Amino acid sequence: MEEMEAIQVPAWGWIAFGVLVIVLLSIDLVAHRGHHATSKRSAIGWSIGWILFGLGFGVFVWVMYGAEPAHEYLGAWLIEKSLSLDNLFVFLVIFRSLNIPELEQRRVLFWGIFGALVFRALFIFAGLEALARWHAVVYVFGAILLFTAFRVAREDPLKQKESKMVGWLSRRLPVTPTLEGTHFVVRHGGKLLATPMLVALLTIEFTDVAFALDSVPAALSVSHDPFIVYTSNVFAILGLRALYIALAHVITQLRYLHYGLAAVLAFAGLKMVIPHSWVHVSPLLSVLIIIACIGTSVVASLVWKRRHPQPQNPPPGTPARAH
């Protein structure tokens, strides 16, 4: 891929961005606190707000650094936002396996997203350092993406009934048989026990590490700039909890979405392994290709749903009386 000179972001710029992320996380936590269920309409509103905020930051990049960095940011953000949809299927399976109620799901997701921000930072800067030291790493990343694309295209997430990681952790941790309110750990008879809430949180964190092995190289296929890659990751992840609440009832109806995700991964992998001197794909063209891949899979899913109407069931882990 074509190398662009890295954006020179001063230390105070990184500190300001960190403060902004903390403020946004605090707003998200306060907005979803309490014991009342968040309505689907509210979740849709929050999801749109997070998307607009992410796009708005792209405008900021454009104003401050120019069109090319802005296009790279948008491409990396779109890749991460698209691949985060795959996380929603995993969340459904995890919560179904542990029978976590809807209200408690949101608490787990908040801390899961907080952990994801930390892990992504580690993976991104480690990946960039590896690319700077060993150019051949780009082909390793490309191979990982192409293999993952093949696996995602073959494995329909809608057919996954339970989480293997949940089972593995449940066999190795002392876990209470039922939830203990909102606690992640409790003490019974002087012994510290994990609750299903902690098992769900650990599963989400371990799963995100696995996802990062795919999504971080995918973002690096668009840009090698640390500021662009990390900020795009952050703004794609921040709205994941609201997006899950908004789409939990309908995500399982997007039966062709995994093909679109596989296409995005394959495109990113090919960008990694094909020399730029052979084929040049600009950041703006990358954006259009990503939109086309995801958009086509979503439209195809909606057409299939219209032709094969099915009764809508509540998402796993949701009480029958929930909206």
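These figures come from a predicted structure and were not determined experimentally. (Residues numbered from 1 in each chain as written. Predicted model: local features only at pLDDT ≥ 70, side-chain atom pairs only at ≥ 80, totals over all residues. Heavy atoms only, no water.)

Draft legend 1. Fine view of the packing of helix H3 (residues 67–98) against helix H8 (residues 226–238). Relative orientation of the contacting elements H3 and H8 amounts to 40 degrees, with a least axis distance of 8 Å. Taken as axis vectors, H3 and H8 run oblique relative to one another. The way H3 lies across H8 gives a crossing that is right-handed. Every residue of H8 that contacts H3 at Pro69, Glu72, Tyr73, Ala76, Trp77, Glu80 and Lys81 is listed here: Ile228, Thr231, Ser232, Asn233, Phe235 and Ala236. When the residues that make up the contact of H3 with H8 are grouped by side-chain class, the tally is seven nonpolar, three polar and three charged. (Axes fitted to C-alpha atoms, helices over the stretch in contact; angles between N-to-C directions. Helix = DSSP H or I, 4+ residues; strand = E, 2+ residues; numbered from the N terminus. Parallel < 35°, antiparallel > 145°, perpendicular 65-115°, else oblique. Left-handed = near helix turned anticlockwise from the far one by under 90°. Contact = heavy atoms within 4.5 Å. Nonpolar A, V, L, I, M, F, W, Y, C, P; charged D, E, K, R; others polar.)

Draft legend 2. Spotlight on the packing of aromatic side chains. Taken as a whole and assessed by the stated rule, the structure comprises 15 aromatic pairs. Centre to centre, the rings of tryptophan 46 and tryptophan 50 are 6.3 Å apart; their planes meet at 35 degrees, and the pair counts as tilted. One end of the pair is tryptophan 46 and the other is tryptophan 50, both in helix H2 (residues 40–65) and four residues apart, which spans about a single turn. According to the relative accessible area criterion, tryptophan 50 is buried, its value standing at 5%. Of the aromatic side chains, those joined through ring pairs into one cluster are Trp14, Phe17, Phe53, Phe57, Phe60, Tyr65, Tyr73, Phe125, Phe227, Tyr230 and Phe235. (Phe/Tyr/Trp six-rings, centres within 6.5 Å; stacked < 30°, edge-to-face > 60°. Buried < 20%, exposed > 50% of the residue type's maximum accessible area, 1.4 Å probe, protein only.)

Draft legend 3. Expanded view of the confidence of the model for the protein. Counting all residues, the mean pLDDT for the protein is 79, and 87% of those residues have values of 70 or more. Predicted confidence in the protein is weakest over helix H9 (residues 240–247), with a mean pLDDT of 78, and strongest over H8, with 88. Predicted confidence for residues 314–323 stays below pLDDT 50, and this span has 25 contacts to residues more than four positions away or in other chains. (pLDDT = per-residue confidence, 0-100.)

Draft legend 4. Expanded view of the pattern of salt bridges. Taken as a whole and judged by the stated rule, the model has two salt bridges. A salt bridge links arginine 120 to glutamate 80; its shortest N-O distance comes to 3.1 Å. Taken together, the residues span a long stretch of sequence, with arginine 120 in helix H4 (residues 102–133) and glutamate 80 in helix H3 at a distance of 40 residues. One exposure class covers both arginine 120 and glutamate 80, and it is buried. Linking arginine 133 and glutamate 129 is a salt bridge whose minimum nitrogen-to-oxygen distance equals 2.6 Å. With arginine 133 and glutamate 129 both in helix H4 and four residues apart, this pair spans about one turn of that helix. Given the relative accessible area of 57%, arginine 133 is considered exposed. (Salt bridge = Lys/Arg side-chain N within 4 Å of Asp/Glu carboxyl O.)

Draft legend 5. Structural context of the side chain of histidine 71. Position of histidine 71 among the secondary structure elements: in helix H3. The residues contacting histidine 71, other than those within four sequence positions of it, are Trp62, Pro283, Leu284 and Val287.

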